[in-house]
Amino acid sequence: EYMDGGDLSDRLGQVDPAEAFYIGRCVARAVRHAHRRGVAHLDLKPENILFRQTSDGWDVPKVADWGLSKMLLEHSKSIDQFSFHYAAPEQFDSDTFGSPDDFTDIYATGAVVYAMLVGEPPFPGSMASVVHSVTTEEPDPPSDHVQGLPSGTDAVLQQALAMEKDDRYESILD
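Residues numbered from 1 in each chain as written. Predicted model: local features only at pLDDT ≥ 70, side-chain atom pairs only at ≥ 80, totals over all residues. Heavy atoms only, no water.

(A) Spotlight on the pattern of salt bridges. Throughout the structure, instances matching the rule amount to six salt bridges. Across the salt bridge formed by K45 and D43, the nearest N and O atoms sit 3.6 Å from each other. Each member of the pair, K45 as well as D43, carries the same accessibility label: buried. Residue R168 pairs with E90 through a salt bridge whose shortest N-O separation is 2.8 Å. Of this pair, R168 sits in the segment after helix 6 (153-160) while E90 is found in the loop between helix 2 (67-74) and helix 3 (94-97), placing the two residues 78 residues apart along the sequence. For the pair R168 and E90, a shared accessibility class is recorded, and that class is buried. Among the charged side chains, a network of salt bridges with common partners joins E1, R52 and K62. (Salt bridge = Lys/Arg side-chain N within 4 Å of Asp/Glu carboxyl O. Buried < 20%, exposed > 50% of the residue type's maximum accessible area, 1.4 Å probe, protein only. Helix = DSSP H or I, 4+ residues; strand = E, 2+ residues; numbered from the N terminus.)

Here's what the structure looks like:
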């Protein structure tokens, strides 16, 4: 499918909350489709969310770059091959947090929605600082950076971005 609307990285911090939640829902549905077939994406990031322009409403988002998912499943110890700003703790330390899996995509989807609202990922900075933060800290609530977010936004994103997989949502659709 021809995607003529660019990717999400060009829109970070410029998406109103309603559209951000719409995009997040579309991403979650696409990822759920893959999860039901035993595939985790494991590299969800704004550059992998492409848009098809529409003339009546919000552009239609699609999740791209599924080829990396298989490679990461086979080589889950390598952190060179995914975008660390949207990566879950288990992608940096599987001994402590478990192996990357469907819950990894829940974290990444939360990180992408966070970035849409705030304008940057939950933990910006160098790889070393992001690895440290992701594995030892909870991100700031998005309302610390953006005024007027709908109630419940902080709680939803903080659960999606929980360090421990057991503390995240049970399913990407949740």
